[in-house]
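These are the residues of each chain, in order.
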Amino acid sequence: MFEGGKFIWRNGEFLKWEDATTHVLSHTLHYGVGVFEGIRCYETDEGPAVFRLKEHVKRLFESAKIFMMEIPFTEEEINNAILDTVKKNELKSCYIRPIVYYGYKSLGLAVSNDFPVDTVIAAWSWGAYLGEEGISNGIKVKTSSFNRFHVNTIATRAKACGNYITSVLAKREALMSGYDEALFLDPDGYVAEGSGENIFIIKDGVVYTPPVTSILKGITRDSIITIARDLGYEVIERRFTRDEMYIADEAFFTGTAAEVTPIRELDGRPIGIGRRGKITEKIQSTFFEIVKGKNKKYSNWLAFVK
Ligand code: PMP
């Protein structure tokens, strides 16, 4: 883990990786009020390129707004700091983790605008999150015994640190039961998303994905909706049930870490042919062409590290 990471950007300056520490009484460590992003940078013929940088940084600022955290930088400054971090670490392709958290002041729950806010950006090499084998052959998924949040339990539009405690529980439960990933249902029992991925199913040539209520509004999800429509598929955002998913022709997860990972089995039922389906493969290969700079139609989705 953390291969290739040498310097971490914090509050406008680079620190050596090992010096990027924080106090154990930092507020966010105790209560989870912090916001972050997961971004990927891919190797292209024109050098490293960050995928949908602006959209990720915008979501970071929106997450902060929800929690009334003030990031003491502009979006443009963070965009540039991210590109600088990739460059400084001399990474060709990497995973990038910006995080904004409350530092050391007091541990009461009443945070205010005079709380210290730290802004940090790290980057390191990270391969396929659900494995190369998962990318080509698909993964085994289990419906979690934990539910996704009710919309008034947690701010689902925010990519916030504390939101992930249920994801960690669900992921662990899935792995302990011999599966690769968990599937969350929403509080009404409809399919929501994975522990760190959005979900799509395909039935009779139509692509379905749950609406943005109890789920994170994924940037890969948005990219896949665009790609699938451009490839001529109808994409419908609507709720569906787990049994509808059992009888789907194809299914896949999307996410910055997970990229486009086919689902070959849910709760012991093979999905479709029990491996990556044809439409999934088409969408997935288009996605990989785009991120690697080989499809010029979507070049505005790439920010090159100069
Ligand atoms: N849902 C959750 C819970 C996630 O953590 C992620 C990863 N950020 C996603 C969906 C996918 O979002 P994105 O495509 O923006 O990475």
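How each quantity is defined
- Residues numbered from 1 in each chain as written.
- Predicted model: local features only at pLDDT ≥ 70, side-chain atom pairs only at ≥ 80, totals over all residues.
- Heavy atoms only, no water.
- Core = buried A, V, L, I, M, F, W, Y, C linked by side-chain atoms within 4.5 Å.
- Buried < 20%, exposed > 50% of the residue type's maximum accessible area, 1.4 Å probe, protein only.
- Helix = DSSP H or I, 4+ residues; strand = E, 2+ residues; numbered from the N terminus.
- Near = heavy atom within 4 Å.
- Polar contact = N/O pair within 3.5 Å; in protein donor to acceptor, adjacent residues only side chain to side chain.
- 1 Å grid on protein atoms, 1.4 Å probe; cavity = no way out; pocket = protein on both sides within 12 Å on 5 of 7 lines; lining within 4 Å.
- Sits in = over half its atoms within 2 Å of the grid points.
- Contact = heavy atoms within 4.5 Å.

Undergrad: Describe in detail the nonpolar core, supporting the description with residues and values.
TA: If you look at the biggest cluster of nonpolar residues, it comprises 29 residues, and the most contacted ones within it are Val50, Ile78, Ile82 and Ile96. Contributions of two or more residues to this core are made by β4 (39–44), α2 (53–66), α3 (75–88), β6 (94–102) and β7 (117–124). With 24 residues, the next largest nonpolar core counts Tyr42, Ile135, Val260 and Tyr298 among its residues.

Undergrad: Could you give me a rundown of the site of the ligand, with the residues and numbers involved?
TA: Near the ligand you find 16 residues, and of these Tyr164, Glu193, Ile219, Thr220 and Thr256 are the closest. The separation between an oxygen atom of the ligand and a polar side-chain atom of Arg59 is 2.8 Å. Separating an oxygen atom of the ligand from a side-chain N or O atom of Thr220 is a distance of 2.5 Å. Judged by the proximity of its atoms to the pocket grid, the ligand belongs to the largest pocket.

Undergrad: Lay out the side chain of Arg40 in plain terms, naming residues and giving numbers.
TA: Positionally, Arg40 belongs in strand β4. A distance of 3.0 Å separates a polar side-chain atom of Arg40 from the backbone oxygen of Gly127. Residue contacts for Arg40: discarding those within four places in its chain leaves Ala49, Val50, Phe51, Cys94, Tyr95, Trp126, Gly127, Ala128, Tyr129, Thr256, Ala257 and Glu259.

Undergrad: So what's going on with the environment of Glu75? Which residues, and what values?
TA: Tracing the sequence through the fold places Glu75 in helix α3. A residue is classified by how much of its surface remains accessible, and Glu75, at 33% relative accessible area, is partly exposed. For the pair Glu75 and Asp19, spaced 56 residues apart in sequence, the C-alpha to C-alpha distance is 26 Å. Every residue in contact with Glu75, bar those within four places of it in the chain, is listed here: Val57, Lys58 and Phe61.

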